[in-house]
Amino acid sequence: MLLDRVRRGSPAQLGDYRADAGYEGLSRALSSGPEAILGEVDTSGLRGRGGAGFPTARKWRAARAQPDGPRVLVVNADEGDPGAYIDRFLLEDDPHAVLEGTAIAALAVGAERAYIYVRREYPRALATVRAAVAEAESAGILGDALFGDGPPLTVTVVEGKGSYLCGEETALLNALEGRRPMVRARPPYPAQSGLHGVPTVVNNVETLAAVPWILRHGGSAYAGIGSGTSTGTKVVSLNSLFRKPGLYEVEFGIPLREIVEGLGGGLVDDHLRGVIVGGPLAGIIPPHLLDVSFTFDDLRDIGAEVGHGGIVAFDDTTPIGELVRHVFRFGAYESCGACTPCRVGAARVEQLFSGDLDEAGHAEWQATIRALAATSLCGHGTGLAEFARSVMAYYGQDLESCRA
Ligand SMILES: Cc1cc2nc3c(=O)[nH]c(=O)nc-3n(C[C@H](O)[C@H](O)[C@H](O)COP(=O)(O)O)c2cc1C
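Residues numbered from 1 in each chain as written. Predicted model: local features only at pLDDT ≥ 70, side-chain atom pairs only at ≥ 80, totals over all residues. Heavy atoms only, no water.

- Per its UniProt entry, the chain bears the Sequence similarities (unreviewed entry) comment "Belongs to the complex I 51 kDa subunit family." (UniProt positions renumbered as here; feature names shortened; annotations may be inferred.)

1. As for the packing of helix 13 (residues 320-334) against helix 14 (residues 340-352)
Each packed pair of helices is defined by two parameters, the angle between the axes and the distance between the axes.
So, step 1. It is at 8 Å that the axes of helix 13 and helix 14 come closest, and there the two elements cross at 150 degrees. In terms of orientation, helix 13 and helix 14 fall into the roughly antiparallel class. Helix 13 and helix 14 meet at a crossing whose hand is left-handed. Contacts from Val-324, Arg-325, Phe-328, Arg-329, Gly-331 and Ala-332 in helix 13 reach Ala-346, Ala-347, Val-349 and Glu-350 in helix 14.
So, step 2. When grouped by side-chain class, the residues that make up the contact of helix 13 with helix 14 number six nonpolar, one polar and three charged. (Axes fitted to C-alpha atoms, helices over the stretch in contact; angles between N-to-C directions. Helix = DSSP H or I, 4+ residues; strand = E, 2+ residues; numbered from the N terminus. Parallel < 35°, antiparallel > 145°, perpendicular 65-115°, else oblique. Left-handed = near helix turned anticlockwise from the far one by under 90°. Contact = heavy atoms within 4.5 Å. Nonpolar A, V, L, I, M, F, W, Y, C, P; charged D, E, K, R; others polar.)

2. Section: the sheet that holds strand 11 (residues 310-315)
Two modes of strand pairing occur in sheets, parallel and antiparallel, and in both the strands are linked by backbone hydrogen bonds.
So, step 1. The mixed open sheet is built from five strands, whose spatial order is 8-7-11-9-10. Each of the sheet's edge strands pairs with one partner strand only, and the pair in question is strand 8 (246-251) and strand 10 (284-285).
So, step 2. Of the pairings in the sheet, the one linking strand 7 (residues 233-238) to strand 11 comprises two bridges and is parallel in character. The residue bridging Ser-237 from the neighbouring strand is Gly-310, located in strand 11.
So, step 3. Strands strand 7, strand 8 and strand 11 of the sheet are contacted by helix 5 (residues 86-93), whose axis makes an angle of about 110 degrees with strand 7. (Pairing = 2+ DSSP bridges.)

3. Details of the pattern of salt bridges
So, step 1. Applying the stated criterion across every chain, the model contains 23 salt bridges.
So, step 2. Of the charged contacts, one joins Asp-94 and Arg-5 as a salt bridge, the two residues approaching to 2.9 Å between their closest N and O atoms. Here Arg-5 lies in the segment before helix 1 (14-19) and Asp-94 lies in the loop between helix 5 and helix 6 (95-109), a separation of 89 residues in the sequence. You'll find Asp-94 and Arg-5 in the same group, each marked buried.
So, step 3. Among the salt bridges present, the one from Glu-305 reaches Arg-300, with a minimum N-O distance of 3.0 Å.
So, step 4. On the basis of relative accessibility, which here comes to 15%, the residue Glu-305 falls in the buried class.
So, step 5. By sharing partners, the salt bridges in this structure join Asp-4, Arg-5, Arg-8, Asp-20 and Asp-94 into a single network. (Salt bridge = Lys/Arg side-chain N within 4 Å of Asp/Glu carboxyl O. Buried < 20%, exposed > 50% of the residue type's maximum accessible area, 1.4 Å probe, protein only.)

4. Points about the sheet that holds strand 3 (residues 154-159)
So, step 1. Taken together, the four strands give an open sheet; going across it, the order is 3-2-1-4, and neighbouring strands pair in parallel fashion. In this open sheet, the two edge strands, each paired with only one partner strand, are strand 3 and strand 4 (200-204). Going from strand to strand, the sheet's axes swing by 20 degrees on average, the running direction of each strand aside.
So, step 2. In the sheet, strand 2 (residues 113-118) pairs with strand 3 via six bridges, with the strands oriented parallel.

5. Some points on the site of the ligand
So, step 1. Near the ligand there are 18 residues, and of these Gly-50, Lys-59, Asn-76, Asn-204 and Thr-207 occur at the shortest range.
So, step 2. Separating an oxygen atom of the ligand from a backbone N or O atom of Arg-49 is a distance of 3.3 Å.
So, step 3. Backbone polar atom of Gly-50 to an oxygen atom of the ligand: 2.8 Å apart, as the coordinates give it.
So, step 4. Within the complex, the protein chains bury 91% of what would otherwise be the 610 Å² of accessible surface of the ligand.
So, step 5. Mapped onto the shell around the ligand, the elements with two or more residues apiece are strand 4 and helix 16 (379-394).
So, step 6. When residues in the shell around the ligand are grouped by element, the largest group, three residues, is from strand 4.
So, step 7. A breakdown of the residues in the shell around the ligand according to their chemical character gives two nonpolar, ten polar and six charged. (Near = heavy atom within 4 Å. Polar contact = N/O pair within 3.5 Å; in protein donor to acceptor, adjacent residues only side chain to side chain. Areas by Shrake-Rupley, 256 points an atom, 1.4 Å probe, with all protein chains shown as cover.)

6. Thoughts on the nonpolar core
Generally speaking, soluble globular proteins have nonpolar side chains that are buried together.
So, step 1. Judged by nonpolar contacts, the single largest core of 63 residues is most densely connected at Ile-37, Trp-60, Leu-99 and Val-118.
So, step 2. In terms of nonpolar packing, the next biggest core, distinct from the first, is built from 36 residues, Phe-314, Leu-323, Val-324 and Cys-339 among them. (Core = buried A, V, L, I, M, F, W, Y, C linked by side-chain atoms within 4.5 Å.)

7. Comments concerning the pairing of strand 4
So, step 1. Here strand 4 lies mainly inside the structure; five of its five residues are buried.
So, step 2. Going residue by residue along strand 4, you find Thr-200, Val-202 and Asn-204 tucked away on one face and Val-201 and Asn-203 tucked away on the opposite face as well.
So, step 3. Here strand 1 (residues 72-77) pairs with strand 4 via five bridges, running parallel. If you follow Val-72 over to strand 4, its bridge partner there is Thr-200.

8. Here we look at the packing of aromatic side chains
So, step 1. Summed over all chains, the structure comprises nine aromatic pairs.
So, step 2. Among the aromatic residues, those joined into a ring-pair cluster are Tyr-17, Tyr-23 and Phe-147.
So, step 3. It is Arg-88 that lies over the ring of Phe-89; its NZ or CZ is 5.0 Å from the centre.
So, step 4. Positioned above the aromatic ring of Tyr-122, the side-chain terminus of Arg-119 is 5.3 Å from the ring centre. (Phe/Tyr/Trp six-rings, centres within 6.5 Å; stacked < 30°, edge-to-face > 60°. Lys NZ or Arg CZ within 6 Å of the ring centre and 35° of its normal.)

Set out below in C-alpha cells:
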C-alpha cells in the first residue's frame, strides 16, 4: 500500500503515478466533499504515524470546527529520530502520494495553503518534492483550483532548520514563523491556534501517504487491515545490526519477533540485547518480550511505543549504562530549553551516568525521571523518561555495574 513505488530506481513521475490510479482518491474526494472525506478517514481508523498515534480524522475535524476563517495544513517531513528513514524514501521515491494525501487533507480541513517542512539533511527529498509540486501545478492538479474546478491549494516546500526539536509540531510552527524552534505550551492546540494563530493541522508524511488508498478503496477496507484500533499498515526501518536492514511495510498486529527475526533476519552476531521501536524517546524492549503484537496499545502496555517506526537493535557489546548516557546526551543536546526538567534534567542524567552512580546519584536520577515524566512540556522530556523507566524495569541488573 505504501512501498509499491519505492526503490523502483527513480522517483515516480506524475505519469507513473497516474498510471497506478494516482490522484483518483483526490478526484473522489473533490466530488464527495469534506464531510464524506472525514467520514471515510474516521471509518478507516487511521492514526498519526509521526509518533503520537492520534486519530487523524479527529484532528481534522477539530480544525474544521473552528470559527470561519483560513486554515493551514503543515506536512511534517522533519524525520529526525535516529534510525528512522521512512519518510525520506516516501518523499524521494513517491512524492505524488504525499502530495495527493496533502490535497485530500486540505480539502477536508478547508485549508487553501499547505507547507511541507522537509528536514534539511534530506537534499534529495527536498528536490523531488519541489519537482513534484511544480509538475502537479503545471498539470492543473494543484494551484489556483484543484483539478481545474476545486478550491485553490498553494503548496510551499520549506527547508528545515536543522534541529531535532523542529519535528515537534509546535516547535515546527515556530520555525515556520521564523522564530527559534522552541516548544509552545498547549492548549491552545495547533488545530485551534497554530501557524500565525490560524487553525493548523500538522500531519506526518506517512500518515498523509496512507490517505489516497483510503479514498480509493474506502475507510472500511482500510479498517479491515491491522488489529483492533491499530488499523492499516506501518512502514518500519531496521538498522544496520540486522542481517537484512531496510524498510518493510507490515500489517499492524504482526508479532514484533516476526519483524526482528523473520523480516530482519535477526542480528548479524545473533546476540540481541534489546530493540527500541520509534526513536530514542521510547522504551527499550528486551528479547523475552519480542512476542508482543506490533500495535499502539500492546507496545504501550509493555512501556514502549510504535512511535515513528524506526527499529534500532542493540547487541550485547552495548553496555546499558553507556546506552543511557548516550540517549540522555542526545536528549540534552537536542532539548529546546523551553522547560526546566528537560533542559536541566537531561544534562544532569548524562552527567550522572558519566561516572559510577553512588546511592545519592541513583536516587537523583530516579527523581529526575519522575520530574521529566510529570512536568515536561512535550514528548521529548516524557519520552526520555519512558526510555529510562524501561531500562529500570528490564535492565535493572545490568545497571548494577554502574553503581559505585
Ligand atoms: C521531540 C519530538 C520530535 C518529533 N519529531 C517528529 C518528526 O520528525 N516527524 C513527525 O512527523 N512527527 C514528529 N513528532 C510528532 C509531532 O509533534 C506530531 O505529533 C506529528 O507530526 C503529528 O502528525 P501525525 O498525527 O500525522 O502523526 C515529534 C514529536 C516530538 C515530541
